[in-house]
Amino acid sequence: MCDNNSCVGCKNPYTYEDVEKIANFLRSKVDIKPRIGLVCGTGLGGIPALMTDTVTFPYGEIPNFPVSTVAGHDGKLIIGYLSGTPIVCMQGRFHFFEGYPLWKVVLPIRVMKILGISILVLSNAAGGINSSYSIGDIMFLKDHINFVALGGHNPLQGDNEEKFGPRFVAINDSYDREILKLAKNTAKELGIKGVQEGVYCCIGGPSFETVAELRAMKMLGGDAVGMSTVHEVITAMHCGIKCFAFSLITNKCPMEYDGKNTPNHEEILDVGKERQDDVRKFVERLFKNLAQFKVK
Ligand SMILES: O=P(O)(O)O[C@H]1O[C@H](CO)[C@@H](O)[C@H]1O
């Protein structure tokens, strides 16, 4: 196993048994068997306040686990209940730009798999490319364009661990249609405004995008852009977990050369706080509705 937190170039040394050891450490401290995993994106770390009967593990206290380094990502794994469903929640995720190799960014997803989840709900903050989107909109992901993988970095690179899944995995259906339908109905039930469905573009970051890059993404069919989520989705798909993901549109991307519209992390965090109530209401009801959801 590897305890070096800045080894972008190295090959994934974690065997299934290594990941199992991490899961067993958590199991030895808590009796709850999670059914759903939840990943909280930037500024969305207030979601775990909805959980009950929680046991919290700061990442630094979990053996062989990475630690969060980004503002707005608390760095805790929380096991408990949300709307009556047993869940495991990442209050803060890992990003490629933090210097972690992608296999390490996604390590928690494999831990969650061994803990027993069959559904993964992911959230993120993203910039709006689609001109009809407004700040504060919630975009459900129907697909993604992964510039990081297209550029040669994929979390599944290295020796394949067959106990998780096959060497080659199809991801054309990454965002489960049935859960997407359930999420749309949930937002409707609650009367949440500004709900969109779109394509998320993933870049490596931490620099934001140039105008020309954003225009290219728009031409390719991208609706929003961020620096996360898709690596976790690929890993979940590899080990047979159904995914649902949503973006909080925290800023409008600068599509023009007028210098008026520059993204910054503090504003992104502020929008997360401003939209906190609707996001929490949505997540709470989504998990209530997911309690009845049968994974095929
Ligand atoms: O995707 P999450 O983790 O929500 O974070 C988003 O917010 C940060 C930029 O402010 C980037 O890390 C971007 O990916």
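In the annotation of an unreviewed UniProt entry, the chain is listed under the name Purine nucleoside phosphorylase and assigned to Zophobas morio. For the chain, the Function (unreviewed entry) comment in UniProt is given as "The purine nucleoside phosphorylases catalyze the phosphorolytic breakdown of the N-glycosidic bond in the beta-(deoxy)ribonucleoside molecules, with the formation of the corresponding free purine bases and pentose-1-phosphate." According to the UniProt record, the Subunit (unreviewed entry) comment for the chain reads "Homotrimer."

Visitor: Report on the packing of helix H5 (residues 177-190) against helix H9 (residues 276-290), specifying residues and quantitative values.
Guide: It is the contact of H5 with H9, at a shortest axis distance of 9 Å, that shows an interaxial angle of 130°. Taken together, the axes of H5 and H9 lie oblique to each other. In this structure, H5 meets H9 at a crossing whose hand is right-handed. Residues Ile179, Leu182, Ala183, Thr186, Ala187, Glu189 and Leu190 of H5 pack against Lys281, Phe282, Arg285, Leu286, Asn289 and Leu290 of H9. Residue classes in the contact of H5 with H9 are distributed as eight nonpolar, two polar and three charged.

Visitor: How would you explain helix H1 (residues 16-27) if you had to name every residue and give the values?
Guide: An ideal rise of 1.5 Å per residue puts 16 Å on 12 residues; H1 measures up with 16 Å between its terminal C-alpha atoms. All of the buried residues in H1 are Tyr16, Asp18, Val19, Ile22, Ala23 and Leu26. Along its buried surface, H1 packs onto strand E2 (52-58), strand E3 (76-82) and helix H3 (107-115).

Visitor: Provide a residue-level description of the UniProt feature "domain: Nucleoside phosphorylase" (unreviewed entry) in the chain, including the pertinent values.
Guide: When the UniProt feature table is mapped onto this chain numbering, "domain: Nucleoside phosphorylase" (unreviewed entry) sits at residues 35-287. Taken end to end, residues 35-287 has its terminal C-alpha atoms 11 Å apart, with 28% of it in helix and 26% in strand.

Visitor: Tell me about unusual backbone geometry, residues and numbers included.
Guide: Residues Gly205 and Pro206 are joined by a peptide bond in cis, for which omega reads 5°. Following the sequence through the fold, Pro206 ends up in the loop between strand E7 (195-202) and helix H6 (211-220). Look at Asn64: it is not a glycine, yet its phi comes out positive at around 60°. By relative accessible area, Asn64 is classed as partly exposed at 29%. One non-glycine residue with positive phi stands out, namely Ser83, at about 50°. Tracing the chain through its elements places Ser83 in the loop between E3 and strand E4 (85-91).

Visitor: Account for the environment of Asp277, with residues named and values stated.
Guide: Here Asp277 shows up in helix H9. Given a relative accessible area of 58%, Asp277 falls into the exposed group.

Visitor: Kindly report on the site of the ligand, identifying the contributing residues and their values.
Guide: Lining the immediate surroundings of the ligand are 13 residues, of which Thr42, His95, Ala125, Ser228 and His265 lie closest. A distance of 2.8 Å separates an oxygen atom of the ligand from a polar atom in the backbone of Ala125. Take His265: an N or O atom from its side chain is 2.6 Å from an oxygen atom of the ligand. Across the complex, the protein chains shield 96% of the 350 Å² of accessible surface that the ligand would expose by itself. One can see that the ligand is located within the largest pocket. Those elements that provide at least two residues to the shell around the ligand are strand E5 (119-128) and helix H8 (265-274). In the shell around the ligand, the residues fall into four nonpolar, eight polar and one charged.

Visitor: Please provide a residue-by-residue account of H3, values included.
Guide: Burial analysis of H3 places eight of its nine residues in the buried class, which makes it a mostly covered element. Those residues of H3 that fall on the buried side of the exposure criterion are Leu107, Pro108, Ile109, Arg110, Val111, Met112, Ile114 and Leu115. Looking one or two residues beyond H3, the residue adopting positive phi is Gly116, at roughly 120°.

Visitor: Describe a negative patch on the surface, with residues and values.
Guide: On the surface, Glu266, Glu267, Asp270 and Glu274 cluster together into a negatively charged patch. Inspection of the secondary structure assignment puts Glu267 in helix H8.

Visitor: Provide a residue-level description of empty space enclosed by the protein, including the pertinent values.
Guide: Any empty space left between atoms is shown by rolling a water-sized probe over those atoms. Per the stated rule, a full pass over the model turns up two cavities of 30 Å³ or more. Quantified by volume, the largest cavity comes out at close to 50 Å³. Lining the largest cavity, in full, are Asn12, Tyr14, Val19, Trp103, Val106, Leu107, Arg110 and Pro155. When its residues are assigned to classes, the lining of the largest cavity shows six nonpolar, one polar and one charged. Reported here for the second largest cavity is a volume of approximately 40 Å³. In terms of residue count, H9 provides more of the lining of the second largest cavity than any other element does, three residues in total. Of the residues contributing to the lining of the second largest cavity, the split by class is three nonpolar, four polar and one charged.

Rules and cut-offs
Residues numbered from 1 in each chain as written. Predicted model: local features only at pLDDT ≥ 70, side-chain atom pairs only at ≥ 80, totals over all residues. Heavy atoms only, no water. UniProt positions renumbered as here; feature names shortened; annotations may be inferred. Axes fitted to C-alpha atoms, helices over the stretch in contact; angles between N-to-C directions. Helix = DSSP H or I, 4+ residues; strand = E, 2+ residues; numbered from the N terminus. Parallel < 35°, antiparallel > 145°, perpendicular 65-115°, else oblique. Left-handed = near helix turned anticlockwise from the far one by under 90°. Contact = heavy atoms within 4.5 Å. Nonpolar A, V, L, I, M, F, W, Y, C, P; charged D, E, K, R; others polar. Expected span 1.5 Å × (residues − 1). Buried < 20%, exposed > 50% of the residue type's maximum accessible area, 1.4 Å probe, protein only. Near = heavy atom within 4 Å. Polar contact = N/O pair within 3.5 Å; in protein donor to acceptor, adjacent residues only side chain to side chain. Areas by Shrake-Rupley, 256 points an atom, 1.4 Å probe, with all protein chains shown as cover. 1 Å grid on protein atoms, 1.4 Å probe; cavity = no way out; pocket = protein on both sides within 12 Å on 5 of 7 lines; lining within 4 Å. Sits in = over half its atoms within 2 Å of the grid points. Patch = residues over 30% accessible without salt bridge, like charges linked within 9 Å, V, L, I, M, F, W, Y side chains within 5 Å. Salt bridge = Lys/Arg side-chain N within 4 Å of Asp/Glu carboxyl O. Lys, Arg positive; Asp, Glu negative; His and termini not counted. Charge placed at Lys NZ, Arg CZ, Asp CG, Glu CD. Points joined across faces, edges and corners; volume = space filled by probe spheres on them.

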